[in-house]
Amino acid sequence: MTTEVSRDLPVSVLEQVANFVDTVEDRTPEEISQAITICAFLQALFVESRRSIGEFLAQGVDAKEFATKYEKALNDLGPMLTGIDKIIAHFRDKSLPPPADECVSRFRELMDEVLRLYQFISGAVDKANLPHRPADWERIEEARNVYQRGETKPFQPLAKS
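Bear in mind the structure is a predicted one, so any value in this text is a computation, not a measurement. (Residues numbered from 1 in each chain as written. Predicted model: local features only at pLDDT ≥ 70, side-chain atom pairs only at ≥ 80, totals over all residues. Heavy atoms only, no water.)

## Examining the nonpolar core
L14, V21, F107, L110 and M111 are the most contacted members of the largest nonpolar core, which totals 37 residues. Within the residue set of this core, elements represented by two or more residues are α1 (3–22), α2 (29–58), α3 (63–91) and α4 (98–128). Examining the composition of this core, we find that 12 residues originate from one element, α4, more than from any other. Beyond its immediate stretch of four places on either side in the chain, F107 contacts V17, A18, V21, C39, I84, I87 and I88. (Core = buried A, V, L, I, M, F, W, Y, C linked by side-chain atoms within 4.5 Å. Buried < 20%, exposed > 50% of the residue type's maximum accessible area, 1.4 Å probe, protein only. Helix = DSSP H or I, 4+ residues; strand = E, 2+ residues; numbered from the N terminus. Contact = heavy atoms within 4.5 Å.)

Here it is, written out as structure tokens:
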């Protein structure tokens, strides 16, 4: 499965869940139960996405390549988040039966996680698009001199606890 498919699939499913929640008052308890399960699954998926992207970034990546790859995800998620805000606002002051209310609540939690992922990726893309800092040649020369004098210590990996 390519990254394009894996990125587009959750967005497509999110749109379908949003459409479902928009009509939750007309749904059966079984359908609502399934929607709650889907919301929990998608929420875990977006939590894992944020975690894995964070690990990916921690390994060091080419900034421009990262920005190019993830700007599409931002372009997909941004408009969807705006539309979903309207759905959530629609139910904010409504009194719903317990299953429907739980479904809307789970959907809200899911969308909070999607928003956290969006903000995380947006911040990383913004940083990736910043111009490179100029090289501090004095500091580089100082580091070379320290190394040549043998005053550096070899890297010691941290012990995992």
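Now that the structure has been shown, the text picks up again.
## Considering helix α5 (residues 137–148)
For α5, with 12 residues, the first-to-last C-alpha span of 16 Å sits near the 16 Å given by 1.5 Å per residue. Summarising burial for α5: zero of the 12 residues are buried, a small minority. Two residues or fewer after α5 comes G150, characterised by a positive phi angle close to 75°. (Expected span 1.5 Å × (residues − 1).)

## Describing the pattern of salt bridges
Tallied over the full model, the rule gives eight salt bridges. Overlapping salt bridges, with partners in common, bring together E48, R51 and E55 in one network. (Salt bridge = Lys/Arg side-chain N within 4 Å of Asp/Glu carboxyl O.)

## As for the side chain of E113
Here E113 is to be found in helix α4. When near neighbours in sequence (up to four residues on either side) are disregarded, E113 contacts Q43, F46, V47 and R50.

## Details of the confidence of the model for the chain
For the chain, per-residue confidence averages 82 on the pLDDT scale, and 89% of positions sit at 70 or higher. In the model of the chain, α1 stands out as the element of lowest mean pLDDT, 67, in contrast to α2, which has the highest, 90. (pLDDT = per-residue confidence, 0-100.)

## Here's the deal with the packing of α3 against α4
Remark: α3 packs on α4, axes separated minimally by 8 Å, with the N-to-C direction vectors making an angle of 150°. Between α3 and α4, the crossing angle belongs to the class labelled roughly antiparallel. Crossing of α3 over α4 shows left-handed handedness. For the contact of α3 with α4, a count of residues per class yields 22 nonpolar, two polar and three charged. (Axes fitted to C-alpha atoms, helices over the stretch in contact; angles between N-to-C directions. Parallel < 35°, antiparallel > 145°, perpendicular 65-115°, else oblique. Left-handed = near helix turned anticlockwise from the far one by under 90°. Nonpolar A, V, L, I, M, F, W, Y, C, P; charged D, E, K, R; others polar.)

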